[in-house]
Amino acid sequence: MFANQIVTGVLIDDVALDMEELARACQVEPDWVVRHVQAGVLGELTLQTAALRFRSTDLARARRLLELERHFDANEELAALVIDLADEVRRLRARLHALGIRDT
């Protein structure tokens, strides 16, 4: 697929990837990105898919979605729900830690 064109590095939120670059960074076809944007689980839907721009948080989310879909055969909605719940647990644990309360 894109084995020799993998994008690596750290994104700064001021710099954004287009759809092709995000697909290449995740080693998926651009259609995968479009499907997930249309499902509302990745990025923000715009009128033109060519105008889609993705930040570093979108890249991290896309890679997590892909991992869940591949390893657990989850559809995009289920994978997104798992990621959203994991993010919420992480936020709550951080709040507990900030308050000096031990996580059990």
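Structure: see above.
To start, this report covers the structure provided alongside it. (Residues numbered from 1 in each chain as written. Predicted model: local features only at pLDDT ≥ 70, side-chain atom pairs only at ≥ 80, totals over all residues. Heavy atoms only, no water.)

## Some points on the packing of helix 1 (residues 19-26) against helix 3 (residues 56-72)
Part 1 of the reasoning: Here helix 1 crosses helix 3 at 45°, and the two axes come no closer than 10 Å. Taken together, the axes of helix 1 and helix 3 lie oblique to each other. Taken as a pair, helix 1 and helix 3 cross one another with a handedness that is right-handed. Residues Leu22, Ala25 and Cys26 of helix 1 form the contact with helix 3, whose own contacting residues are Leu59, Ala62, Arg63 and Leu66.
Part 2 of the reasoning: Of the residues contributing to the contact of helix 1 with helix 3, the split by class is six nonpolar, no polar and one charged. (Axes fitted to C-alpha atoms, helices over the stretch in contact; angles between N-to-C directions. Helix = DSSP H or I, 4+ residues; strand = E, 2+ residues; numbered from the N terminus. Parallel < 35°, antiparallel > 145°, perpendicular 65-115°, else oblique. Left-handed = near helix turned anticlockwise from the far one by under 90°. Contact = heavy atoms within 4.5 Å. Nonpolar A, V, L, I, M, F, W, Y, C, P; charged D, E, K, R; others polar.)

## Quick look at helix 4 (residues 76-98)
Part 1 of the reasoning: Taking 1.5 Å per residue, 23 residues should reach 33 Å; helix 4 reaches 33 Å between its end C-alpha atoms and fits that length.
Part 2 of the reasoning: Along helix 4, the residues classified as buried are Ala79, Ala80, Ile83 and Asp87.
Part 3 of the reasoning: Among the residues trailing helix 4, Gly100 stands out with phi positive, at a value near 80°. (Expected span 1.5 Å × (residues − 1). Buried < 20%, exposed > 50% of the residue type's maximum accessible area, 1.4 Å probe, protein only.)

## Points about helix 2 (residues 30-38)
Residues lying three or four places apart along an α-helix face the same way, a consequence of the helix completing one turn every 3.6 residues.
Part 1 of the reasoning: Taken as a whole, helix 2 has its buried residues at Pro30, Trp32, Val33, Val34, His36 and Val37.
Part 2 of the reasoning: The inward-facing, buried residues of helix 2 abut helix 1, strand 2 (53-54), helix 3 and helix 4.
Part 3 of the reasoning: Phi for Gly40, located one or two positions after helix 2, is positive at around 80°.

## With respect to the side chain of Asp58
Part 1 of the reasoning: If you trace the backbone, Asp58 turns up in helix 3.
Part 2 of the reasoning: Despite its burial, Asp58 pairs with no opposite charge, the nearest such side chain being Arg55 at 4.8 Å.
Part 3 of the reasoning: A polar contact of 2.9 Å, which involves the side chain of Asp58, links it to the backbone nitrogen of Arg55.
Part 4 of the reasoning: Setting aside residues no more than four positions away along its own chain, Asp58 makes contact with Leu42, Gly43 and Arg53. (Lys, Arg positive; Asp, Glu negative; His and termini not counted. Salt bridge = Lys/Arg side-chain N within 4 Å of Asp/Glu carboxyl O. Polar contact = N/O pair within 3.5 Å; in protein donor to acceptor, adjacent residues only side chain to side chain.)

## Let's talk about the layout of surface pockets
Taking a probe equal in size to a water molecule and rolling it over the atoms shows the remaining empty space.
Part 1 of the reasoning: By volume, the largest pocket amounts to about 300 Å³.
Part 2 of the reasoning: In terms of lining, the largest pocket is formed by 16 residues, of which the most central are Leu42, Gly43, Arg55, Thr57 and Asp58.
Part 3 of the reasoning: Mapped by element, the contributors of at least two residues to the lining of the largest pocket are helix 3 and helix 4.
Part 4 of the reasoning: No other element matches the five residues that helix 3 contributes to the lining of the largest pocket. (1 Å grid on protein atoms, 1.4 Å probe; cavity = no way out; pocket = protein on both sides within 12 Å on 5 of 7 lines; lining within 4 Å. Points joined across faces, edges and corners; volume = space filled by probe spheres on them.)

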